[in-house]
Amino acid sequence: MFIPHEPRCACFPVRPGRSIASLSHAIGATALAAGLLLAPLQSRAEDWRIGALFPLSGNLSVLGTEALAGDQIAVDMVNEQGGVKGNKIVLVTADATNPAVATNEARRLLTRENVKLLTGTYGSSIALAIAAVANQFNVPYWEGSAVSDELTARGYKYVFRMNDNATAMSAGLVQAVVEMFEPKLGKPVKDLKITMIHEDSAFGTSIAKTFEAQIRQKGGSVTMEPYPAATQDLSPLVLRIKQANPDVLVATQYFNDAILFWRQSRNHDYNPRFFIAIGAGQATPDYYKGVGKDGEGVLLSDVPSSGVKPDALVPQARTLQDEFFKRYQAKMGKAPASHATRHFSAMHTLLTRILPAAGSFEPDAVRKAVMALDDPVGSTILGFGLKFAENGQNERAFNVILQWQNGKLVTVWPQRFAVAQPIAVPLADWNKR
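Engineer: Help me out: how do you make sense of the packing of helix 6 (residues 166–185) against helix 7 (residues 202–217) in this one?
Structural biologist: In a packed pair of helices, the relevant descriptors are the angle between the two axes and the axis-to-axis distance. Two numbers describe how helix 6 lies on helix 7: the axes approach to 9 Å, and their chain directions differ by 50 degrees. One way to sum up the angle between helix 6 and helix 7 is to call them oblique. Relative to helix 7, helix 6 is oriented so that their crossing is right-handed. Residues Ala166, Thr167, Met169, Ser170, Ala171, Leu173 and Val174 of helix 6 pack against Ser206, Ile207, Thr210, Phe211, Gln214 and Ile215 of helix 7.

Engineer: Honestly, the pattern of salt bridges in this entry has me stumped. Any pointers?
Structural biologist: Taken as a whole, this structure holds 20 salt bridges when the rule is applied. For arginine 154, the salt bridge is made with glutamate 150, and the minimal N-O distance between the two is 3.0 Å. With a relative accessible area of 34%, arginine 154 lands in the partly exposed category. In this structure, the salt-bridge partner of aspartate 374 is arginine 396, at a minimum N-O distance of 2.7 Å. Taken together, the residues aspartate 374 in the loop between helix 13 (363–371) and strand 11 (400–405) and arginine 396 in the loop between helix 13 and strand 11 connect sequence positions 22 residues apart. Arginine 396 gets classed as partly exposed once you look at its relative accessible area, which sits at 28%. One connected set of salt bridges, linked through shared partners, spans Arg49, Glu105, Arg108 and Glu113.

Engineer: Teacher, can you tell me more about the environment of phenylalanine 398 here?
Structural biologist: With respect to the helices and strands, the residue phenylalanine 398 is situated in the loop between helix 13 and strand 11. Judged by its relative accessible area of 18%, phenylalanine 398 falls in the buried class. Along the sequence, phenylalanine 398 and asparagine 165 sit 233 residues apart, while their C-alpha atoms lie 8.2 Å from each other. Apart from residues lying up to four places away in sequence, phenylalanine 398 is in contact with Asp164, Ala168, Val303, Val377, Leu382, Gly383, Phe384 and Phe417.

Engineer: Teacher, can you tell me more about the sheet that holds strand 4 (residues 141–143) here?
Structural biologist: Whether parallel or antiparallel, the strands of a sheet pair through hydrogen bonds between backbone atoms. Read across the open sheet, the 5 strands follow the order 2-1-3-4-5; overall the sheet is parallel. Edge positions in the sheet fall to strand 2 (88–95) and strand 5 (159–161), since each of these pairs with one other strand and no more. Neighbour-to-neighbour, the strand axes of the sheet open up by a mean angle of 25 degrees, direction not taken into account. Lying over the sheet, helix 4 (residues 99–112) contacts strand 1 (47–54), strand 2 and strand 3 (118–120), oriented at roughly 145 degrees with respect to strand 2.

Here is what the cut-offs are and how they apply
Residues numbered from 1 in each chain as written. Predicted model: local features only at pLDDT ≥ 70, side-chain atom pairs only at ≥ 80, totals over all residues. Heavy atoms only, no water. Axes fitted to C-alpha atoms, helices over the stretch in contact; angles between N-to-C directions. Helix = DSSP H or I, 4+ residues; strand = E, 2+ residues; numbered from the N terminus. Parallel < 35°, antiparallel > 145°, perpendicular 65-115°, else oblique. Left-handed = near helix turned anticlockwise from the far one by under 90°. Contact = heavy atoms within 4.5 Å. Salt bridge = Lys/Arg side-chain N within 4 Å of Asp/Glu carboxyl O. Buried < 20%, exposed > 50% of the residue type's maximum accessible area, 1.4 Å probe, protein only. Pairing = 2+ DSSP bridges.

Dropping the structure here:
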């Protein structure tokens, strides 16, 4: 047998007096060192790393933490089944507390953490910042709950939103005003005095503009009352609205300001009798915990995150819903709010329908897989269908009307998804609750 000598001499020349045993020892030690250096790289190469950006501290942290929990449960379930094409999914998280921080953290994840896809994030202003970075780096961004219409209006090729947008949420509000409030008030929409309070970031502003436009199409008008979400005192706003005494009060709020407004309304004896909110601040069990029985009867336009009629879903979606609810309760000690449910559903779809079809994080392959989805309403645990427009928006996402009843959030409209009839419309005065 011919054995070439050059590689051996070049790498491990046998010096005079060096034994074959010592040479073998040197080769083994070198191989071991090389193995130790390569092992972490090989391990990382087997992981599919996704950058997950959420507000995990600060005034948006309650819903940000819940949203991330939804993502993580989906990842855990998929990894338990062998991952995606045999690759383990790893969420590389970042605390994106505001747009500036989100921009820096998104860049860090892409340049230092070797992630090839970004997801998040619940806050619309934060989502817009992340989407801009994703577009700059030409990587996919998969949004699970931010609703600003602007997210899919910028022409970004690889930005996709599975959840409802501001247009869908506003449509739910308008429907409630027309179908639930108008008959009880005995006035047509054009004669109703409607006021909308909203926090003034991209989230609240986007919904406010859309709601106003949709009410105008019905012949009505809206008085807008914006405010900063981080405010510590909404008393001036409460007193101003109390004096104006609108027929209908609509709200777009985050968690802390939603509780603050309701408490201060009671303190100032302002009784908003026909009241409906967009499902953000009022959608989490922590809202009811914060306001107690004063939350009874509060209506909100949101996705059917809990209490959706089981037979409105396909069997696979019902089974998945049950499993998610069970795991979320065990992980977080409470029922999931809409943001957690949105993110679980979005992440589960990404990991089981999109990435397996794409076979990688390659942007065009991901886009092709997203655009190929065509599932009817009722196919996901939220009741959504799946069909994406060219701009990246899921066109089969929608809102329903929910209500706090006996400490639980239940769907009351439309009948296809409703599990209960609406109560307390109008709301009783504070002294009669």
